[in-house]
Amino acid sequence: ETHGPVCATRGNMNNRLGLPLSMLALGPQHNAAVFELGASAAGEIADLAELCQPDVGVITAIGEAHAAGFASGEDTRASKAELLAELPEDGLAVLNGDDPYLRRLATASPVDVICCGRGSGNHLTASDVSWRSGRLRFTVGRQRFQIPVWGRHFLSAALLAIAVGRHYGQRLSEMADSLSEFAGLSQRCDVQRCGSITIIDDTYNASPQSMTAA
């Protein structure tokens with residue numbers, strides 16, 4: 001948004017009904033569009049990707065969510081892989097390289113891949129990572145980042161966003177300035193204090209992984 005208007009998914013409008021409604025907000029004034037593709041059953045991401053035709057596909061993580069629509073974790077993982085198959089030949093996949101399954105997926109990807117994470121072998125990684133009192137700090141290259149979020153687990157998403165920004169020509173210093181003013185959404189690791197009690201509200205679509213991180 002620092003480079004001009006962006007059309008983005010609002011709320012949870014990420015399914016067969018929500019995505020078309022999100023796309024209807026796209027106009028000639030927008031420089032880019034960022035759409036979330038949700039999956040509650042096999043084949044859904046393929047259908048949604050065919051609809052919006054993304055140039056870049058990002059997979060942040062594969063968790064144990066929407067279990068009612070998938071017979072196994074393997075089915076869940078396969079549904080996320082549908083995104084890569086729908087990208088154009090000159091497209092780009094940006095993946096969490098610390099996830100073993102996504103690392104394997106990267107080796108078989110039909111398009112170019114950028115892997116992000118803490119582990120060795122990632123194309124984009126962070127150093128000097130620390131977290132304290134609601135601020136995540138880390139360094140990419142020589143640029144220091146400071147993001148007002150609760151928890152180290154936000155690092156993966158931050159690196160994926162940085163990789164996409166860099167792909168589109170944004171400077172690290174620009175992204176550091178923007179991320180320093182990041183504001184999360186309600187019910188997503190939203191930390192509140194009530195007297196001597198700390199409340200972690202992570203109730204939106206909470207999964208075993210998000211609860212453990214919280």
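Here we summarise the structure given alongside this text.

Rules used throughout
Residues numbered from 1 in each chain as written. Predicted model: local features only at pLDDT ≥ 70, side-chain atom pairs only at ≥ 80, totals over all residues. Heavy atoms only, no water. Helix = DSSP H or I, 4+ residues; strand = E, 2+ residues; numbered from the N terminus. Contact = heavy atoms within 4.5 Å. Areas by Shrake-Rupley, 256 points an atom, 1.4 Å probe, with all protein chains shown as cover. Lys, Arg positive; Asp, Glu negative; His and termini not counted. Charge placed at Lys NZ, Arg CZ, Asp CG, Glu CD. Pairing = 2+ DSSP bridges. Axes fitted to C-alpha atoms, helices over the stretch in contact; angles between N-to-C directions. Parallel < 35°, antiparallel > 145°, perpendicular 65-115°, else oblique. Left-handed = near helix turned anticlockwise from the far one by under 90°. Nonpolar A, V, L, I, M, F, W, Y, C, P; charged D, E, K, R; others polar.

Re the overall build of the protein
Of regular secondary structure, the protein possesses seven helices and 10 strands. C-alpha extents for the protein along the principal axes are approximately 45 × 40 × 40 Å. In the protein, of all internal contacts separated by at least 6 residues, the share reaching a separation of at least 24 is 48%. For the protein, the accessible area works out to roughly 12,300 Å², and carbon and sulfur atoms hold 52% of it. A distance of 12 Å separates the average location of the 17 positive side-chain charges in the protein from that of its 23 negative side-chain charges.

A few points about the sheet that holds strand 3 (residues 56–59)
In space, the three strands of this open sheet follow the order 3-4-5, with parallel pairing throughout. In the strand order of this sheet, the two ends are held by strand 3 and strand 5 (112–116), each with one partner. With direction set aside, neighbouring strand axes in the sheet form an average angle of 15°. For strand 4 (residues 92–96) and strand 5, the ladder comprises five bridges, and the chain directions are parallel. Each bridged residue has a counterpart across the sheet, and for V94 the counterpart in strand 5 is I114. Sitting on the sheet, helix 5 (residues 154–167) touches strand 3, strand 4 and strand 5, and the angle it makes with strand 4 is about 160°.

Thoughts on the packing of helix 5 against helix 6 (residues 172–179)
Interaxial distance between helix 5 and helix 6 falls to 10 Å at its minimum, and their mutual angle equals 135°. Taken together, the axes of helix 5 and helix 6 are oblique relative to one another. Both helix 5 and helix 6 take part in a crossing whose hand is right-handed. Taking contact as the criterion, the partners of A161, I162, G165 and R166 in helix 5 are, on helix 6, L172, M175 and L179. For the contact of helix 5 with helix 6, a count of residues per class yields five nonpolar, one polar and one charged.

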